[in-house]
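Coordinate analysis (summary)
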Amino acid sequence: KVWGAINGLAKSLGDPYTVFFPPEESRLFQSEIRGNFDGVGMEIGIKEDILTVVAPLKDTPAEKAGIKAGDQILKIDGVNSVGFAVEEAIRKIRGPRGTQVTLTIGRKDEAEPLEIPITRDTIVIPVLQTGTAVTAKGDKKPSEPSDVVNGVFVIRLFNFGEGSPLAFSKAMDRFRISGTNKLIIDLRGNPGGYLEAAVDIGSWFIPGGQPI
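Residues numbered from 1 in each chain as written. Predicted model: local features only at pLDDT ≥ 70, side-chain atom pairs only at ≥ 80, totals over all residues. Heavy atoms only, no water.

**Examining unusual backbone geometry**
- The phi dihedral of D49 falls on the positive side, at around 70 degrees, and the residue is not glycine.
- Position of D49 relative to the elements: it lies in the loop between β2 (42–47) and β3 (50–56).
- Positive phi values are uncommon outside glycine, yet D77 reaches one of about 50 degrees.
- Here D77 shows up in the loop between β4 (72–76) and β5 (79–80).
- Of the residues examined, D77 reaches a relative accessible area of 42% and is grouped as partly exposed. (Helix = DSSP H or I, 4+ residues; strand = E, 2+ residues; numbered from the N terminus. Buried < 20%, exposed > 50% of the residue type's maximum accessible area, 1.4 Å probe, protein only.)

Below, the structure written as structure tokens:
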């Protein structure tokens with residue numbers, strides 16, 4: 001009753017980013033931010049009152065099964081997910097490694113919902129990647145990955161988790177000795193994470209005392 005009352009107060013704010021986590025939901029959230037859990041590997045949220053995929057995580061069962069950002073989750077194992085809170089949906093989608101969950105997906109370019117079975121696995125959330133594999137003109141296969149692409153140092157930051165600030169600091173050390181002064185930080189598909197991690201990383205580029 002106490003958890004329900006506090007949750008009701010949080011919802012009354014009308015702010016989609018203010019959420020109360022009872023103990024079980026808090027445990028699930030902490031495991032995701034730590035970067036290791038059993039599930040399918042995707043960030044979900046509520047968009048226009050519909051459970052929606054924010055982004056599948058790189059090299060996870062969700063991505064390999066064809067889940068895309070913007071997909072609407074209409075059913076979970078045949079159960080209508082309309083009205084589900086994000087935390088309730090996460091509990092139903094996650095499960096032991098090797099077991100299967102079937103999602104009924106609504107997709108903008110598809111006339112009919114898609115039934116997508118996904119086999120759960122242990123998800124290790126990637127933090128960042130520097131550079132890309134560069135393909136020379138006429139080559140069928142990419143060369144070895146390089147930090148510097150066409151004269152630009154590229155950092156793909158996948159989330160703002162516990163390990164993100166340290167990984168970003170190491171990437172910036174590599175940028176310093178890369179021989180270029182051009183930098184791109186790619187945040188596409190980054191679902192967020194800890195505010196403190198985002199502030200830490202943003203502070204590399206914003207003068208002290210400035211709001212972030």
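**Focus on helix α5 (residues 164–176)**
- With 13 residues, α5 should cover 18 Å at 1.5 Å per step; its first-to-last C-alpha distance of 18 Å lies within 8% of that length.
- What α5 keeps buried is the set S164, P165, F168, A171, M172 and F175. Seen along its axis, α5 keeps its buried residues to an arc of 120 degrees; they face one direction. The outward face of α5, more than 90 degrees from its buried face, is lined by the exposed residues L166 and K170. (Expected span 1.5 Å × (residues − 1). Arc of directions from axis to C-beta.)

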